[in-house]
Amino acid sequence: MKKTIFIFLAACMVFSMVYSNQCEALGNVTITGEQKQWHPITFTFNGPETSETAVPNPFRGYCLTVDFTQNSQTIRVPGYFAADGNASETGAIEGNKWRVHFVPQKTGAWEFRASFVQGQDVALSFDKKAGKKIKGIDDISGKFVVSPSDKTGRDHRAKGMLRYVGQRYMQFAGNGESFIKGGADSPENFLAYFEFDSTDQAFNQHVGLTRQGEAPISRLHKYEAHRKDWKPGDPTWRGGKGKNIIGALNYLASEEMNSVYFLTMNIEGDGRDVWPWINMYARDRFDCSKLDQWEIVFSHMDKLGLLLHVITQETENDQLLNGGELSLERKLYYKELIARFGHHLALVWNLGEENTNTTEQIKAFSSYIHKVDAYDHPVVVHTYPGQYEKVYAPMIGYADLEGPSLQMGDPEKTHAETIKWLDRSDGTDHKWFVCLDEIGPAHTGVKPDKDDPEHKEVRHYSLWGNLMAGGAGCEWYFGYKYDHNDLNCEDWRSRDKMWDYTRYALNFFQQHLPFTEMKHADELTSAKDDFCFAKPGQVYAVYLPNGGTTDIKLLEGAYTVQWFDPRNGGDLQKGSVASMNQSGSVGQAPQDAAKDWVVLIRKQ
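Just so it is clear, the model here is predicted, and its values are computed rather than measured. (Residues numbered from 1 in each chain as written. Predicted model: local features only at pLDDT ≥ 70, side-chain atom pairs only at ≥ 80, totals over all residues. Heavy atoms only, no water.)

Caption draft 1: Summary view of the nonpolar core. Of all hydrophobic cores here, the largest spans 151 residues; its most connected members are Trp-476 and Trp-492. Tyr-540, Val-542, Val-599 and Ile-601 belong to the second-largest nonpolar core, a separate cluster that totals 18 residues. (Core = buried A, V, L, I, M, F, W, Y, C linked by side-chain atoms within 4.5 Å. Buried < 20%, exposed > 50% of the residue type's maximum accessible area, 1.4 Å probe, protein only.)

Laid out in structure tokens, this is it:
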């Protein structure tokens, strides 16, 4: 008994230093997480007792928001119903816990003040006066102190929030590092994992169903091949579940990839096995335990340095919510995703795969997301090849869309298409970053290594085609005619060589090029099929997809000439020409002259 009293009094002393309400706040709010810069801090409030199926609907009839203030800066963060506060472990659908995730962007003292109100559909209101205040939580306030992060390496907490900065590349706010992505586009139904709660509901009836131009629907993912990649100390839930999906992410990070593309809703779509609601027919009630388990996976991705590329819908269901309009169902869907997952440091919201919404709808969606998202993550949109002008052209310069998410039917057109959208947005005050997020043909994509160990076409035209245009990186789609495809991929090792080729390219850009200061400059070389990327007078990179040589036009000066092997990576090498002081031939590669090479020309 004495020990219990001592612990309680010690807790009161701590809370009296942190909260303006001193010990009175102990019963209503709990802080968890490290109070460090760029680390998520979770505020859990004791509020009304309710459930996922209760009336009034907790996802519509209540609104929790918390203002976090430092000096003149205030960040308003939305909250959500968290059942018993431990639903990932208990599977609870009811409770009195309400939660907000905050990521402090600066060290030092912060203040917080909660707002918690009840009323009809008050969850969607931006009016601070809307709803009836809930006593005991509304207006709770306090203070806390944030210290510097102690993280290093790939961990996003060492780098800060990844942000759109008005340029061709996103940038980490903490260390200023510019970001080029390389990662997995498949399986798109990555979250259709058998150990997530309620993920097999209404699924088995669709197994084996095949749509024209798509992979047949398969069983839920198990990722058993990646069980060996899970490590002691890695997260799990409910008695050791989750090891396989965590192991899969560990493998991808070990290959130095930095992004994963996944759908958060594919009802009526290709896989029909991913949704955030309590069942596939609900539209305004969310599955607390499933989403808490997603959160465990996403938090591990932060630690591994993997961007969350969140695809909110696909072409088959982009009219599902409110007939394609921005209304109650869609607003709730976006708000719940943002409240639960918007605190992740590297995240891009994608308005939909192969999107068919109207320009007005796309503008409304992107603006709403930016208004709700306290951390202002970038918003992009994906569409079919051949629909670029219809979808992208009207959005150029629109302040709430940060770029196109390219799907290429013909890999050889990647370079030109990337250049087109970069150049067209360069003429506005809202420049785009342009990523290649799906490659065609749909039945092929990136083949397994056993079918295409060298991945020549993808490496030549997709990977280097995007990067040498000034693109912001690539994610790899797996075609439906091959093993481990876009719906049934169980083993990312099936494309182990493609991760290697991607890593070599990303490392070359990060280690040898001031790429944020460079631009496509194909007109400077004489070869018809090469790509040139340059900061004239300082540095030039020339990619020769079919080997050989080329002439290049240089500004006056003395330059060194070195060669990089995109097939094997490694150090820079010497070719037949070691230096240049005027325009002319770059010479010949060190060996394998008929294969692809990169020539690096730098001013001495």
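Caption draft 2: A look at the confidence of the model for the protein. With 93% of its residues at a pLDDT of at least 70, the protein reaches an overall mean of 93. Here helix 1 (residues 2-18) is the element of the protein with the lowest mean pLDDT, 35, and strand 15 (residues 307-311) is the one with the highest, 99. Predicted confidence for residues 1-26 stays below pLDDT 50, and this span has 23 contacts to residues more than four positions away or in other chains. (pLDDT = per-residue confidence, 0-100. Helix = DSSP H or I, 4+ residues; strand = E, 2+ residues; numbered from the N terminus. Contact = heavy atoms within 4.5 Å.)

Caption draft 3: Highlighting the sheet that holds strand 1 (residues 29-32). Taken in spatial order, the four strands make up an open sheet running 1-2-6-5, and their pairing is antiparallel. Every interior strand has two partners, whereas the edge strands, strand 1 and strand 5 (80-81), have only one. The pairing of strand 1 with strand 2 (residues 41-51) spans four bridges and is antiparallel. Of the residues in strand 2, the one forming a bridge with Thr-32 is Thr-42. (Pairing = 2+ DSSP bridges.)

Caption draft 4: Just the packing of helix 8 (residues 414-426) against helix 9 (residues 456-467), in detail. Running from N to C, helix 8 and helix 9 point in directions that differ by 25°, and their axes come no closer than 8 Å. Between helix 8 and helix 9, the angle falls in the class roughly parallel. Relative to helix 9, helix 8 is oriented so that their crossing is right-handed. Every residue of helix 9 that contacts helix 8 at Thr-414, His-415 and Thr-418 is listed here: Tyr-461, Ser-462, Gly-465 and Asn-466. By residue class, the composition of the contact of helix 8 with helix 9 is one nonpolar, six polar and no charged. (Axes fitted to C-alpha atoms, helices over the stretch in contact; angles between N-to-C directions. Parallel < 35°, antiparallel > 145°, perpendicular 65-115°, else oblique. Left-handed = near helix turned anticlockwise from the far one by under 90°. Nonpolar A, V, L, I, M, F, W, Y, C, P; charged D, E, K, R; others polar.)

Caption draft 5: Focus on helix 4 (residues 288-304). The end-to-end C-alpha distance of helix 4, which contains 17 residues, comes to 25 Å, matching closely the 24 Å that a straight helix rising 1.5 Å per residue would cover. Judged by how many residues are buried, helix 4 sits mostly within the fold: 15 of 17 residues are covered. Two residues or fewer after helix 4 comes Gly-305, characterised by a positive phi angle close to 80°. (Expected span 1.5 Å × (residues − 1).)

Caption draft 6: Summary view of unusual backbone geometry. The step from Val-55 to Pro-56 runs through a cis peptide bond, and the omega angle for that step is 5°. With respect to the helices and strands, Pro-56 occurs in the loop between strand 2 and strand 3 (62-70). Put simply, Ser-186 and Pro-187 share a cis peptide bond, and its omega is 0°. Tracing the backbone shows Pro-187 in the loop between strand 13 (181-184) and helix 3 (243-254). Phi angles above zero are rare outside glycine, and Tyr-223 is one such case at about 50°. Note on placement: Tyr-223 falls in the loop between strand 13 and helix 3. According to the relative accessible area criterion, Tyr-223 is buried, its value standing at 3%.

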